[in-house]
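# Examining the three-dimensional arrangement
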Amino acid sequence: MTIPLLWRWLVALWLLGCTAPAIAVPALQVGSKRFTESYLIGELVTQTLTRQGIAAEHRQGLGNTSILAAALLQGQIDVYPEYTGTIVRELLKRDSPADAQAPLAQINTWLAPLGLKAAVPLGFNNSYGLAMREADAARLGIATLSDLAAKAPAGLRAGLSHEFQARADGWPALQRHYGLTFAPGNGLDHGLAYQALAAGQVALIDVYTTDAQLARQSVRVLRDDRGFFPRYDAVLLMRTAVDDRPLRRLAGRLPEAQMIRLNAAAELDGQPFAAVARGFLQAGATPPPAAAPQGLMARLWAPDLGRLLAQHLALVLASLALAVAVAVPLGIAAHRRPRLAGPVMAVVGLLQTLPSLALLAFLIAATGRIGFAPALLALFVYALLPIVRNTHAGLQAVPAGLPQAALALGFTRRQVLRAIELPLALPTLMAGLKTAAVTNVGTATVAAFVGAGGLGERIVAGLAVNDTALMLAGALPAAALAVVVQLVFDALERAASPRRHDTGPARSR
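For the rest of this paragraph, the subject is the overall build of the chain. Tallying secondary structure elements over the chain gives 22 helices and nine strands in all. Reported as C-alpha extents along the three principal axes, the dimensions of the chain are approximately 100 × 55 × 50 Å. Looking at the chain residue by residue over its 509 residues, the buried ones come to 51%. Of the contacts made within the chain by residues no fewer than 6 positions apart, 77% connect residues no fewer than 24 positions apart. As presented, the chain carries roughly 22,700 Å² of accessible surface, and 61% of it is formed by carbon and sulfur atoms. The chain carries 44 positive and 31 negative side-chain charges, and their two centres are separated by 11 Å.

Structure (structure tokens):
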């Protein structure tokens with residue numbers, strides 16, 4: 001493989017990766033948070049629009065309230081399900097009890113300067129609460145949050161969700177309001193909380209009052225006897241320019257009992273979010289009929305596999321091409337100026353150690369966007385080290401006499417680099433590309449946390465409902481893709497290696 005051919009191949013990868021996300025027809029962007037109910041309402045909104053001929057795309061599990069609200073304000077999404085109490089306290093930062101109970105018209109007056117509106121009340125209140133195992137609560141005589149403050153045993157182990165621990169209407173304010181003295185413990189994903197509670201790994205969790213598990217597990221939701229939590233009436237939060245009339249047919253159609261049944265169909269019966277939403281919309285107010293949970297193979301070969309694979313490959317290939325464009329010149333500079341080698345290797349090595357979620361959070365703040373852009377930049381950062389290191393190592397391994405001889409024959413430094421040094425260093429450089437590509441296939445699964453799509457979508461959705469089959473349906477294709485990428489680069493590496501000629505003794509005639 002010649003150097004110009006390699007660069008043409010990498011440019012093709014870059015164009016493929018960068019244009020893949022832009023091929024889709026423009027559609028109304030529907031967001032959702034990373035828990036069952038939000039996924040379901042996002043699907044209901046999306047399908048309600050598409051059934052009326054309005055193009056809509058559901059961007060599942062984008063993250064917590066702050067990420068969704070930022071995406072809405074920046075126009076990256078158009079609408080997502082939210083709750084009035086969250087809007088007032090988290091988005092509008094109004095802490096008074098009177099503000100927390102404000103009617104929708106007043107909330108919209110406050111939202112108007114932000115270019116947002118809340119519309120389509122869905123018909124249920126989904127408040128926060130704290131819950132214990134029924135047996136433990138009965139033994140300790142704890143029925144209210146005031147009881148918890150007075151009677152919580154020393155060392156009580158709580159398993160509160162990450163968002164609840166950080167929200168203005170969550171743990172910090174609740175702790176002050178009731179005088180709770182125990183620590184919140186390590187953050188626990190809401191989808192795993194009930195399992196941890198049932199197994200005795202934690203003694204206290206935060207819950208939503210429409211959680212499916214409440215109807216099927218022996219837990220006690222502690223009464224908020226001092227009225228800390230506001231009402232959390234479910235609405236659709238959207239940009240002011242969005243026409244909410246096509247969505248008004250959802251208004252009031254989801255009373256609390258109905259929402260619990262839909263949550264149970266997805267979370268406990270293992271039905272896909274899209275199927276539960278479709279069944280509800282087709283059946284009207286009656287709950288969708290129960291269906292047998294889908295097995296691993298059905299989840300693995302679900303219709304979204306092609307779309308997720310394309311998104312995953314787009315992220316990997318585009319980030320790899322961008323990394324080559326930056327890392328190869330850095331490796332060349334480190335080779336030609338030995339004093340630069342140490343600092344360059346130190347910087348790219350340090351970038352490699354950054355935690356992926358922390359890096360994504362920083363890039364979201366830096367770019368002001370969610371989705372493809374911050375995910376692409378994060379993968380680019382992780383691809384730098386192996387390519388810079390192997391470019392430098394390959395050039396260092398070129399015998400010093402060859403470039404010197406070429407220079408003596410009148411070659412320029414650029415000609416020596418292109419005709420002699422890079423071709424000889426190419427096998428080592430390709431090994432670095434292979435390492436970066438295989439690593440990025442795995443790392444790209446994290447991109448689903450910021451709405452960039454890919455096979456991580458299945459893993460994140462599986463975590464939200466504690467569905468092992470769904471998580472494996474994302475993890476197995478990612479692992480298979482990594483193997484395929486490894487084999488492809490092995491072949492390219494062999495093609496880039498200089499042909500070996502027979503060096504044995506010559507035959508006598």
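Turning to the pairing of strand E3 (residues 79-83), a few remarks are in order. Counting buried positions over the five residues of E3 gives five, a clear majority of the element. Because side chains alternate across E3, one face comprises the buried residues Val 79, Pro 81 and Tyr 83, and the other comprises Tyr 80 and Glu 82, equally buried. Where E3 and strand E9 (residues 234-239) come together, five bridges link them in antiparallel fashion. For Glu 82, the partnering residue across the bridge sits in E9 and is Val 235.

Looking now at a positive patch on the surface. A cluster of like positive charges, contributed by Arg 336, Arg 337, Arg 413, Arg 414 and Arg 418, occupies part of the molecular surface. It is helix H20 (residues 413-443) that contributes the most residues to the positive patch, three residues altogether.

Right, let's talk about the environment of Thr 468 for a bit. Counting through the fold element by element, Thr 468 comes out in helix H22 (residues 468-496). On a C-alpha basis, the gap between Thr 468 and Leu 296 in space is 8.8 Å, while along the polypeptide they are 172 residues apart.

Here we come to the packing of helix H15 (residues 305-336) against helix H18 (residues 372-396). Axis separation between H15 and H18 bottoms out at 6 Å; the angle between their running directions is 40°. By the angle class used here, H15 and H18 are oblique. Every pair of crossing elements has a handedness; the one defined by H15 and H18 is right-handed.

Let's shift gears to the nonpolar core. Side chains of nonpolar character tend, in soluble globular proteins, to be buried together. Counting residues in each nonpolar core, the largest one holds 66 residues, and the members touching the most others are Tyr 80, Ile 87, Leu 111, Leu 237, Ile 387, Leu 433 and Phe 489. Examining the composition of this core, we find that 12 residues originate from one element, H18, more than from any other. Excluding residues that lie within four positions of it along the chain, Ile 387 makes contacts with Leu 320, Ala 323, Val 324, Ala 327, Val 328, Gly 432, Leu 433 and Ala 436. Counting residues in hydrophobic clusters, the runner-up holds 60 residues, among them Leu 44, Val 79, Tyr 178 and Phe 182.

With 32 residues, H15 extends 46 Å from end C-alpha to end C-alpha; this agrees with the ideal 46 Å at 1.5 Å per step. Where H15 bends most, at Val 324, the angle is about 30°.

Attention now moves to the pattern of salt bridges. Following the criterion strictly, the structure yields 15 salt bridges and no others. Note that Arg 139 and Asp 136 form a salt bridge whose closest N and O atoms lie 3.4 Å from each other. Taken together, the positions of Arg 139 and Asp 136, both in helix H7 (residues 134-140) and three residues apart, correspond to about one turn of that helix. For Asp 136, a relative accessible area of 15% puts it in the buried group. Of the charged contacts in the structure, one is a salt bridge between Arg 307 and Glu 457, with a shortest N-O distance of 3.6 Å. Note that Arg 307 is positioned in helix H15 and Glu 457 in helix H21 (residues 456-465), a separation of 150 residues in sequence. Judged by its relative accessible area of 38%, Arg 307 is partly exposed. In this structure Glu 457 comes out as buried when scored by relative accessible area, which is 13%. By sharing partners, the salt bridges in this structure join Lys 117, Asp 244 and Arg 248 into a single network.

Turning next to the packing of aromatic side chains. Inspection of the entire model under this criterion finds nine aromatic pairs. Note on Tyr 128 and Tyr 232: the rings are 5.9 Å apart at their centroids and 90° apart in plane angle, and the pair reads as edge-to-face. Taken together, the residues Tyr 128 in strand E5 (residues 128-133) and Tyr 232 in the loop between strand E8 (219-221) and E9 connect sequence positions 104 residues apart. The pair Tyr 128 / Tyr 232 is uniform in exposure class, with both members buried. Each residue in the set Phe 35, Tyr 128, Phe 164, Tyr 208, Phe 228, Phe 229 and Tyr 232 is aromatic and connected to the rest through ring pairs, giving one cluster. The cationic tip of Arg 89 hangs over the ring face of Phe 228; the distance from NZ or CZ to the ring centre is 5.3 Å. A cation sits over an aromatic face here: Arg 226 above Tyr 178, 5.2 Å from the ring centre.

With that settled, the discussion passes to the sheet that holds strand E7 (residues 204-208). Ordered in space as E6-E7-E5-E8, the four strands form an open sheet in which the pairing is mixed. In this open sheet, the two edge strands, each paired with only one partner strand, are strand E6 (158-159) and E8. Sheet analysis places E5 next to E7, joined by four bridges and oriented antiparallel. Residue Ala 131 lies in a different strand from E7, and its bridge partner there is Ile 205. Seen against the sheet, helix H11 (residues 190-198) touches E5, E7 and E8 and runs at an angle of roughly 135° to E7.

With that settled, consider helix H10 (residues 171-178). Inspection of H10 places Trp 171, Ala 173, Leu 174 and Tyr 178 among the buried residues, and these make up the whole buried set. In an axial view of H10, the angular spread of the buried residues amounts to 165°, which keeps them on one side of the axis. Looking at the buried side of H10, the elements it contacts are E5, helix H8 (145-151) and helix H9 (162-166). One or two steps after H10, the chain reaches Gly 179, where phi turns positive at roughly 70°.

Attention now goes to the packing of H15 against H20. The geometry of H15 relative to H20 is characterised by a closest axis approach of 10 Å and an angle of 140° between their N-to-C directions. Classed by the angle they form, the pair H15 and H20 counts as oblique. The handedness of the crossing between H15 and H20 is right-handed. Residue-level contacts link His 312, Val 316, Ser 319, Leu 320, Val 324, Val 328, Ile 332, His 335 and Arg 336 of H15 to Arg 413, Leu 417, Glu 421, Leu 422, Leu 429, Leu 433, Ala 436, Ala 437, Asn 440 and Val 441 of H20. Within the contact of H15 with H20, the residues separate by chemical class into 12 nonpolar, four polar and three charged.

Quick notes on the rules
Residues numbered from 1 in each chain as written. Predicted model: local features only at pLDDT ≥ 70, side-chain atom pairs only at ≥ 80, totals over all residues. Heavy atoms only, no water. Helix = DSSP H or I, 4+ residues; strand = E, 2+ residues; numbered from the N terminus. Buried < 20%, exposed > 50% of the residue type's maximum accessible area, 1.4 Å probe, protein only. Contact = heavy atoms within 4.5 Å. Areas by Shrake-Rupley, 256 points an atom, 1.4 Å probe, with all protein chains shown as cover. Lys, Arg positive; Asp, Glu negative; His and termini not counted. Charge placed at Lys NZ, Arg CZ, Asp CG, Glu CD. Pairing = 2+ DSSP bridges. Patch = residues over 30% accessible without salt bridge, like charges linked within 9 Å, V, L, I, M, F, W, Y side chains within 5 Å. Salt bridge = Lys/Arg side-chain N within 4 Å of Asp/Glu carboxyl O. Axes fitted to C-alpha atoms, helices over the stretch in contact; angles between N-to-C directions. Parallel < 35°, antiparallel > 145°, perpendicular 65-115°, else oblique. Left-handed = near helix turned anticlockwise from the far one by under 90°. Core = buried A, V, L, I, M, F, W, Y, C linked by side-chain atoms within 4.5 Å. Expected span 1.5 Å × (residues − 1). Bend = angle between axes of the 7 residues up to and from the residue. Phe/Tyr/Trp six-rings, centres within 6.5 Å; stacked < 30°, edge-to-face > 60°. Lys NZ or Arg CZ within 6 Å of the ring centre and 35° of its normal. Arc of directions from axis to C-beta. Nonpolar A, V, L, I, M, F, W, Y, C, P; charged D, E, K, R; others polar.

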